[in-house]
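One-letter residues, chain by chain:
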Amino acid sequence: MNFDFEQLETLLAVIEAGSFDGAAIDLGISASAVSQRMKALEKRAGTILVLRSKPVRPTEPGVTVLRYARQIVSLGRELNAHLGEGEHAETPQRITIGVNADSLATWFIDVLRELGRREDLICDLRREMSTVTRNC
């Protein structure tokens, strides 16, 4: 089964942004275009790929297609970077980093400074909740 690259890129953006509106902003297209791409991708896949909740979450089949989308989008960006050396600017790679508040307030700030020096990288930072389990 062949999937459209833009549709896979849209799925990835929707999950990373947590909403169709956020994905639209990240992709630089309208929310309606995001919705149309997702509808077409789900039609192609023959199943619902995301739960339209807040935040948007992948369904079980969506997780599988999302894994594929990450690989294809990454390969596409890598190919564009190699083919575009010289004539086209390299597209920065986007990564998502989850870090708890304690680490963010202490040692992780040094990591952010290092990452900030890289022009080939865009980081989506997500502060995650940490749970501590203690035996009483």
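Residues numbered from 1 in each chain as written. Predicted model: local features only at pLDDT ≥ 70, side-chain atom pairs only at ≥ 80, totals over all residues. Heavy atoms only, no water.

Caption draft 1: Layout of the pattern of salt bridges. This structure, assessed with the given rule, holds four salt bridges. Close ionic contact of Asp110 with Arg113 constitutes a salt bridge, the shortest N to O distance being 2.8 Å. Taken together, the positions of Asp110 and Arg113, both in helix 6 (residues 108-116) and three residues apart, correspond to about one turn of that helix. Notably, a salt bridge pairs Glu114 with Arg117, separated by 2.3 Å at the nearest N-O pair. (Salt bridge = Lys/Arg side-chain N within 4 Å of Asp/Glu carboxyl O. Helix = DSSP H or I, 4+ residues; strand = E, 2+ residues; numbered from the N terminus.)

Caption draft 2: The arrangement of the side chain of Glu16 in detail. Summarising the element assignment, Glu16 is placed in helix 1 (residues 5-17). Residue classification places Glu16 among the buried positions, given a relative accessible area of 17%. With near-sequence residues (within four places) excluded, Glu16 lies in contact with Arg94, Thr96, Asp124 and Arg126. (Buried < 20%, exposed > 50% of the residue type's maximum accessible area, 1.4 Å probe, protein only. Contact = heavy atoms within 4.5 Å.)

Caption draft 3: The packing of aromatic side chains, seen in detail. Per the counting criterion, the structure on display carries two aromatic pairs. Between the aromatic rings of Trp107 and Phe108, the centroid separation amounts to 5.5 Å while the plane-to-plane angle is 80°, which identifies the pairing as edge-to-face. On the basis of relative accessibility, which here comes to 6%, the residue Phe108 falls in the buried class. (Phe/Tyr/Trp six-rings, centres within 6.5 Å; stacked < 30°, edge-to-face > 60°.)

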